[in-house]
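# Structure assessment
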Amino acid sequence: MVIQQNMMFDRDNPEMMETNYNSMNTLNALLSSATQDILFTNADIFGACAVQGALMDLRQILTEEMFETYESLILYVQDEDTLEEYPCGIKVDGNPWVQEHIKDYKGYVGIPRYADDVQQAKEFLLYLLAQEGA
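Residues numbered from 1 in each chain as written. Predicted model: local features only at pLDDT ≥ 70, side-chain atom pairs only at ≥ 80, totals over all residues. Heavy atoms only, no water.

On to the overall build of the protein, then. In terms of regular secondary structure, the protein is built from five helices and four strands. Going from N to C terminus, the protein has its helices and strands arranged as α-β-α-α-β-β-α-β-α. Burial statistics for the protein: of 134 residues in total, 37% are counted as buried. Of the contacts formed within the protein by residues at least 6 apart in sequence, a portion of 61% connects residues at least 24 apart. Put simply, the protein shows about 8300 Å² of open surface, and 48% of that area lies on carbon and sulfur atoms. (Helix = DSSP H or I, 4+ residues; strand = E, 2+ residues; numbered from the N terminus. Buried < 20%, exposed > 50% of the residue type's maximum accessible area, 1.4 Å probe, protein only. Contact = heavy atoms within 4.5 Å. Areas by Shrake-Rupley, 256 points an atom, 1.4 Å probe, with all protein chains shown as cover.)

Now the structure itself:
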């Protein structure tokens, strides 16, 4: 497993506009290249990826019961073509596993539409959700 942590975003700093643009282009390329299994990022960047359709529909992974249990954590976005809302992210602020491995993390996790190992990504996402009840 490889973790990409070399992209920087600072939407509040006008001097970072070029860096933000380059980082977003790099992120989009990575998400469409079938080389990434999981995306962890803050709400702003995650939302930008979701709106572009870069993330998998979580109805392919989660059961109806899971949607009810974790309803407050699930992010929905609107498909630009069908205008249908679909779930694509899970808010992991305070998740025990996330807090242990990514200190003070605030954001979402999702699976890229073109994930390299979808089965592994699904298992990891289910593992994260299981930690919510721990």
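That covers the picture; the talk isn't over yet.
Take the side chain of Asp 37 next. In this fold, Asp 37 is placed in the loop between helix H1 (17-32) and strand S1 (39-41). Of the side chains with opposite charge, Lys 122 comes closest to the buried, unpaired Asp 37, at an N-O distance of 12 Å. Only 3.1 Å separates the side chain of Asp 37 from the backbone nitrogen of Asp 116, close enough to count as a polar contact. Those residues in contact with Asp 37 that lie beyond four places of it in its chain are Gly 110, Ile 111, Pro 112, Ala 115, Asp 116, Asp 117, Gln 120 and Ala 121. (Lys, Arg positive; Asp, Glu negative; His and termini not counted. Salt bridge = Lys/Arg side-chain N within 4 Å of Asp/Glu carboxyl O. Polar contact = N/O pair within 3.5 Å; in protein donor to acceptor, adjacent residues only side chain to side chain.)

Among the seven residues that make up strand S3 (residues 85-91), five are buried, leaving the element largely enclosed by the rest of the structure. Here strand S2 (residues 74-78) hands over to S3 after six residues, with Leu 83 in that stretch at a positive phi of 65°. (Pairing = 2+ DSSP bridges.)

Remember, this is a structural readout, not a statement about activity or role.
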